[in-house]
Amino acid sequence: MTMTTMNPPQTDDLSGAGYLRIENLSKMFGVFAALKSISLEIREGEFVCFLGPSGCGKTTLLRAIAGLDIQTNGSIFQAGRDISRLPPSERDFGIVFQSYALFPNLTVSKNIAYGLESRRMPRAAIAARVMELLQLVGLPDSGEKYPSQLSGGQQQRVALARALATSPGLLLLDEPLSALDARVRVHLRHEIKHLQRRLGITTIMVTHDQEEALTMADRIVVMNHGVIEQVGTATEIYRDPASAFVADFIGTMNFLPGVVTRPGRVAFGGVELDCAGGVNGFAAGTPVTIAVRPEDVSIRNIDGSKSNSFAAQILEMEFLGSFYRGTLIAAGTPADAAGETLTADFSINAVRDLGLADGMSLSIAFPPDCIRVFERQ
Ligand SMILES: Nc1ncnc2c1ncn2[C@@H]1O[C@H](COP(=O)(O)OP(=O)(O)O)[C@@H](O)[C@H]1O
Ligand SMILES: [Mg+2]
């Protein structure tokens, strides 16, 4: 036994961290900056979603990772290898686009085998691998069909099988579910997620659909105007948005005007609110935006003397099946923030127990740990 059979130590070994490392990546289209100094690390086996509004740079970033569109500045490392300037053919990824992009004149099997044949793999080995992939994506009997004979969801499964054929180290998905109808989309979400878990393949999925990102991703990268606004798990991003943009983009959020009074306290009209999460470092006297989720507005056991509470009136209630969404208006004098409207979600139980109805006056409270404070827009 000699030491020469061992793999040399990886110079860039980050002990599992940073399978894909992006450093200060920028992309210019003429004078327009589509990506502005993006830095990001993705761990091996992670499922990451790039989430953001249309035009924020998600596809541009994905295409840079694939080498389909080389960045203007910055570096990309995959498994410790600098791939920044390599053509796609020398990188190690499989990709699925929104449009199925299958070859219409080739059978499903031939579509899946495409990347294997160009690698000059033996015929029998290709046939076995194709069968394995067809089973993996739940289409064991569709090998001889043509793409036009399949539904949109089935075509996307074939595209997925084709992307996985060469067992790449990285799976890139650009809005793979966006062209499908709602039921198929939800179903395929689960399938892709389970498949990714089973294979343990590092995956990046681009989406503008927050529900897709929240349900599928281990970590979400929220993007806006070519920058990363926040990176975190679904819970972190929902519970602790780093900016007003993230707070607004993910879920529903009330934004109300406030003024910082002292450390940990912000005035909403005449009511001084205790913010357990702090006031984001703003000095006393700073006008800010107070953010509270509709489901965090509490209405039970509030007697008016309770801190963080104030009087409000229900303008209107909307029945949404499993809960009610109320539009409320703060009551009292103008100094008490009267006239500010906000949204509050009420459980069916609360509506029944408290007899909530349009026009009703009540006391509501913002729990201290549910208040976030952002710069006034
Ligand atoms: N080839 C291109 N030439 C010029 N502008 C482009 C090109 N590709 C993308 N852009 C612009 O870059 C921005 C980001 O695009 P893109 O990454 O496709 O957004 P997303 O995928 O987040 O919707 C958009 O404003 C888009 O118009
Ligand atoms: Mg896109």
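Scroll up a little and you will see the structure.
Per chain, the residues get numbers from 1 upward, laid out in the order the sequence is written. To read the labels, note that chains go from A and ligands from 1, taken in the order they are written. With pLDDT at 70 or above as the cut-off, local features in this predicted model cover only qualifying residues; side-chain atom pairs require 80 or more to be listed or tallied, and sums for whole chains, interfaces and linings still use all residues. Think of the side-chain values as coming from all heavy atoms in the structure, minus any hydrogens and water.

**Quick word on the sheet that holds strand β19 (residues 372–375)**
Link 1 in the chain: Strand order in the open sheet formed by 5 strands is β13-β12-β11-β14-β19, and the pairing between neighbours is antiparallel. Strands with a single pairing partner mark the edges of an open sheet, and in this sheet they are β13 (271–274) and β19. Within the sheet, the average angular offset between the axes of one strand and its neighbour, ignoring direction, is 45°.
Link 2 in the chain: Here 3 bridges tie strand β11 (residues 254–262) to strand β12 (residues 265–268), and the two strands are oriented antiparallel to one another. Among the inter-strand pairings, Val-259 is bridged to a residue of β12, identified as Ala-267. Two strands pair under a simple rule: DSSP has to find at least two bridges between them. Comment: elements are numbered from the N terminus, with helices defined as DSSP H or I runs of at least four residues and strands as E runs of at least two. Orientation is described by axes fitted as lines to C-alpha atoms, over the contacting stretch for helices, and by angles from 0 to 180 degrees between their N-to-C directions.

**Thoughts on the nonpolar core**
One recurring pattern in soluble globular proteins: nonpolar side chains tend to sit buried together.
Link 1 in the chain: Buried residues of nine kinds, namely Ala, Val, Leu, Ile, Met, Phe, Trp, Tyr and Cys, make up a nonpolar core once their side-chain atoms join them within 4.5 Å. Residue burial is assigned from relative accessible area. The probe radius is 1.4 Å, only protein chains are included, and a residue is buried under 20% of its type maximum, exposed over 50%, and partly exposed in between. Of all hydrophobic cores here, the largest spans 42 residues; its most connected members are Ile-112, Leu-160 and Ile-220.
Link 2 in the chain: The next biggest cluster of nonpolar side chains, apart from the first, holds 30 residues, and it includes Val-266, Val-271, Ile-299 and Ile-314.

**Observations regarding the environment of Glu-318**
Link 1 in the chain: In this structure, Glu-318 sits in strand β15 (residues 309–319).
Link 2 in the chain: Throughout, a contact is declared for two residues whenever any of their heavy atoms are within 4.5 Å. If we skip the residues at most four places from it in the chain, Glu-318 touches Phe-323, Tyr-324 and Arg-325.

**Things to note about the packing of aromatic side chains**
When we look at a pair of aromatic rings, we describe it by the centre distance and by the angle of the planes.
Link 1 in the chain: For Phe, Tyr and Trp, rings pair up if their centres lie within 6.5 Å, where Trp contributes its six-membered ring, and each pair is then called stacked (planes under 30 degrees apart), edge-to-face (over 60) or tilted (otherwise). Scanning all chains against the criterion turns up 6 aromatic pairs.
Link 2 in the chain: The interplanar angle of 15° and the centroid separation of 5.6 Å between the aromatic rings of Phe-245 and Phe-249 together place this pair among those described as stacked. Residue Phe-245 and its partner Phe-249 are located together in helix α8 (residues 244–249), separated by 4 residues, close to a single helical turn.
Link 3 in the chain: Classification of Phe-245 by relative accessible area gives partly exposed; the value is 22%.
Link 4 in the chain: Feature note: the residues Phe-268, Phe-310 and Phe-366 constitute an aromatic cluster, connected by ring pairs.
Link 5 in the chain: Here Arg-21 stacks its cationic end above the ring of Phe-77, 4.6 Å away from the centre of that ring.
Link 6 in the chain: A positively charged side chain is recorded as over a ring if its NZ (Lys) or CZ (Arg) lies within 6 Å of the ring centre. The angle to the ring normal must also be within 35 degrees. Residue placement shows Arg-162 over the ring face of Phe-103; its charged tip is 5.3 Å from the ring centre.

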